[in-house]
Amino acid sequence: DKFRSDLMNIAMTTLSSKILSQDKEYFAELAVDAVLRLKGSTNLESIQILKKPGGSLKDSFLDEGFILDKKIGLGQPKRIENANILVANTAMDTDKVKIYGARVRVDSMAKVADIEAAEKQKMREKVQKIIGHGINCFVNRQLIYNFPEELFADAGILAVEHADFEGIERLALVTGGDIASTFDNPESVKLGHCKLIEEIMIGEDRLIHFSGVAMGQACTIVLRGASEHVLDEAERSLHDALCVLSQTVTDTRVIYGGGWPEMVMSKEVDELARKTPGKKSHAIDAFSRALQAIPTIIADNAGLDSAELISQLRAEHHKVNSTAGIDVISGGLGDMQKRGICEAFKVKQAIVLSATEAAEMILRVDEIITCAPRRREDRM
């Protein structure tokens, strides 16, 4: 419970500056639930974010399993239990002779009918090969024409066409199958499995819901909102929160935010500078001042008097076990522990290390040699 509340605080801190800040508790709950389903994995591919215009942001929800943004075809089963799924990327159209640049001349309509019959027979054989895999759901990246769709419906197989490429890649991942393009060796093709496939309604749209998938941690976050722009921004905000949370699950250390860690580090580095003799102390002192840039920027971004606040914060941090930081809501100092403003230790560590390495690289550049600009030749 303690770890979950830490994750909630980190998620709310991440979402505070984004479009989702109005409903940050609700979306923090969604993000934490989704990440805890991963059971320690950092693979965010198994969390699908689906955007559906309409409704308000509060109508968003988390759904276990996978949702494919497609409709079920006419005459096909609307519900399948214990599904065996073949995910494919293959052409299922019958009315083209697949030799580009070829011209076929015939001397009667009967010959045209023969060609059509031959093509239909070829497609029928291909469909029989697919059915021979022992499947009851066929999801294809490309188009499925009426004739093969009819054959699938007669065999009681749910056939889905034009599934977007990202959709079928994720579907193959979460159901544990492979994407197939040839069907001659059924034993070498790995099928996907799930407990139930059914059609659901979200807003005014019909979608296909796969539940009880092989990858148990897979889930879908359905975002609702007034417009595409709001949904795009909400997706980016939620993705940031998911990234931070998934890293925190692997390294569970949590620190306070609001400029608190930088002031603690700055104080320790400053004390080291005072104990260090020689010119080294100047460099250490400069590093201490550089660490104070983060709380300064936080105050400036909030339109506050940074010089006043930083001096107050420095004085506050000379007290024992201070948890003071900048509270941009009240416009002064606040107790980060009571406010629940938290950050992931791993993220903060990466920020400080990469900033330090960047500064070192710049210092190592002792001279920059620039080439003289190339003279333009007089072509007249």
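Note that the structure is a prediction, hence the values are computed from the model and not measured.

What to know about helix α7 (residues 260-275)
- Under the 1.5 Å per step criterion, the end-to-end length of α7 is 23 Å for 16 residues, consistent within 8% with the ideal 22 Å.
- Every buried residue belonging to α7 is among Trp260, Pro261, Glu262, Met263, Ser266, Val269, Asp270 and Ala273, and all of these are buried.

Focus on a nonpolar patch on the surface
- On the surface, a nonpolar cluster with roughly 220 Å² of combined accessible area is contributed by Val104, Val106 and Ile115.
- By the element assignment, Val104 lies in the loop between β4 (79-88) and α3 (109-131).
- On the basis of relative accessible area, Val104 is assigned to the exposed category, the value being 55%.

Overview of the nonpolar core
- By size, the foremost hydrophobic cluster in this structure holds 32 residues, and its most contacted members are Phe27, Ile47, Leu223, Leu238, Leu242 and Leu245.
- When contributions to this core are tallied by element, the ones reaching two or more residues are α1 (2-15), α2 (24-37), β1 (47-53), β10 (219-225), α6 (228-250) and β14 (342-344).
- A total of 8 residues in this core trace back to one element, the largest contributor, which is α6.
- For Phe27, the residues in contact, after removing those within four places along its chain, are Leu15, Leu20, Leu57, Ser60, Leu223 and Leu238.
- Of all hydrophobic cores here, the second largest spans 22 residues; its members include Leu68, Leu158, Leu171 and Met215.

Quick notes on the pattern of salt bridges
- Taken as a whole and judged by the stated rule, the model has 21 salt bridges.
- A salt bridge links Arg79 to Glu198; its shortest N-O distance comes to 3.3 Å. Separated by 119 residues along the polypeptide, Arg79 in strand β4 and Glu198 in strand β8 (residues 192-202) bring together distant segments of the chain.
- Taking relative accessible area as the criterion, Glu198 reaches 23% and is therefore assigned partly exposed.
- Bridged by salt links that share partners, the residues Arg4, Glu29 and Asp33 form one connected network.

So, the state of the cysteines
- As enumerated under the stated definition, the model contains 0 disulfides in all.
- With no disulfide of its own, Cys194 lies 7.3 Å from the sulfur of Cys137, the closest cysteine sulfur.
- Just so you know, Cys219 is unpaired, no disulfide at all, and the nearest cysteine sulfur is the one on Cys243, 14 Å from it.

Observations regarding the packing of aromatic side chains
- Using the criterion set out here, one finds 4 aromatic pairs in the structure.
- Between Phe138 and Phe152, the aromatic rings sit 5.0 Å apart at their centres with planes inclined by 25°, giving stacked as the arrangement. Here Phe138, found in strand β5 (residues 137-140), pairs with Phe152, found in helix α4 (residues 146-154); they are 14 residues apart in sequence, far enough to count as distant.
- Accessibility expressed as a relative area gives 0% for Phe152, which makes it buried.
- In this structure, Lys58 is placed above the aromatic ring of Tyr26, and the distance from its NZ or CZ to the ring centre is 5.9 Å.
- Over the ring of Phe147 we find Lys120, and its NZ or CZ is 4.9 Å from the ring centre.

What about the sheet that holds β1?
- Spatial ordering of the open sheet is given by β1-β10-β2, a layout of 3 strands whose pairing is mixed. Single-partner strands in this sheet number two, and they are β1 and β2 (61-64). The average undirected angle you get between the axes of adjacent strands in this sheet is 25°.
- As judged from the 4 bridges shared by β2 and β10, these two strands associate in the antiparallel manner. Directly across from Asp63, in β10, lies its bridge partner Thr220.
- Together, β1 and β10 form the strand contacts of α6, whose direction differs from that of β1 by roughly 160°.

Describing the pairing of β4
- The pairing of β4 with β8 spans 6 bridges and is antiparallel. Note that in β8 the partner of Arg79 across the bridge is Glu198.
- Pairing of β4 with β5, which is carried by 4 bridges, proceeds in the parallel orientation. Residue pairing for β5: Ile85 is matched across the bridge by Cys137.

Concerning the pairing of β10
- Taking burial as the measure, the 7 residues of β10 include 7 buried ones, the bulk of the element.
- Of the two faces of β10, the one holding Cys219, Ile221, Leu223 and Gly225 and the one holding Thr220, Val222 and Arg224 are both buried throughout.
- With 7 bridges connecting them, β1 and β10 associate as parallel partners. Within the sheet, the bridge partner assigned to Lys51 lies in β10 and is Leu223.

Re the domain arrangement of the chain
- Considered domain by domain, the chain is made up of domain 1 (1-64 + 227-252), domain 2 (66-213) and domain 3 (256-353).
- The C-alpha-based centres of domain 1 and domain 3 are spaced at 28 Å.
- The interface of domain 1 with domain 3 comprises 8 residues on the first partner and 8 residues on the second.
- Across the interface of domain 1 and domain 3, roughly 650 Å² is buried in total on both sides, 62% from carbon and sulfur atoms.
- Viewed at the interface, domain 3 and domain 1 are joined by 2 residue pairs in polar contact (both at pLDDT 80 or more).
- For the side of domain 1 that touches domain 3, the elements supplying multiple residues, two or more each, are α1 and α6.
- No other element matches the 4 residues that α6 contributes to the side of domain 1 that touches domain 3.
- For the side of domain 1 that touches domain 3, the residue count by class is 2 nonpolar, 5 polar and 1 charged.

The rules we used
Residues numbered from 1 in each chain as written. Predicted model: local features only at pLDDT ≥ 70, side-chain atom pairs only at ≥ 80, totals over all residues. Heavy atoms only, no water. Helix = DSSP H or I, 4+ residues; strand = E, 2+ residues; numbered from the N terminus. Expected span 1.5 Å × (residues − 1). Buried < 20%, exposed > 50% of the residue type's maximum accessible area, 1.4 Å probe, protein only. Patch = residues over 30% accessible without salt bridge, like charges linked within 9 Å, V, L, I, M, F, W, Y side chains within 5 Å. Areas by Shrake-Rupley, 256 points an atom, 1.4 Å probe, with all protein chains shown as cover. Salt bridge = Lys/Arg side-chain N within 4 Å of Asp/Glu carboxyl O. Core = buried A, V, L, I, M, F, W, Y, C linked by side-chain atoms within 4.5 Å. Contact = heavy atoms within 4.5 Å. Disulfide = S-S within 2.5 Å. Phe/Tyr/Trp six-rings, centres within 6.5 Å; stacked < 30°, edge-to-face > 60°. Lys NZ or Arg CZ within 6 Å of the ring centre and 35° of its normal. Pairing = 2+ DSSP bridges. Axes fitted to C-alpha atoms, helices over the stretch in contact; angles between N-to-C directions. Domains from an automatic or database assignment. Buried area = accessible area lost by both parts, 1.4 Å probe. Polar contact = N/O pair within 3.5 Å; in protein donor to acceptor, adjacent residues only side chain to side chain. Nonpolar A, V, L, I, M, F, W, Y, C, P; charged D, E, K, R; others polar.

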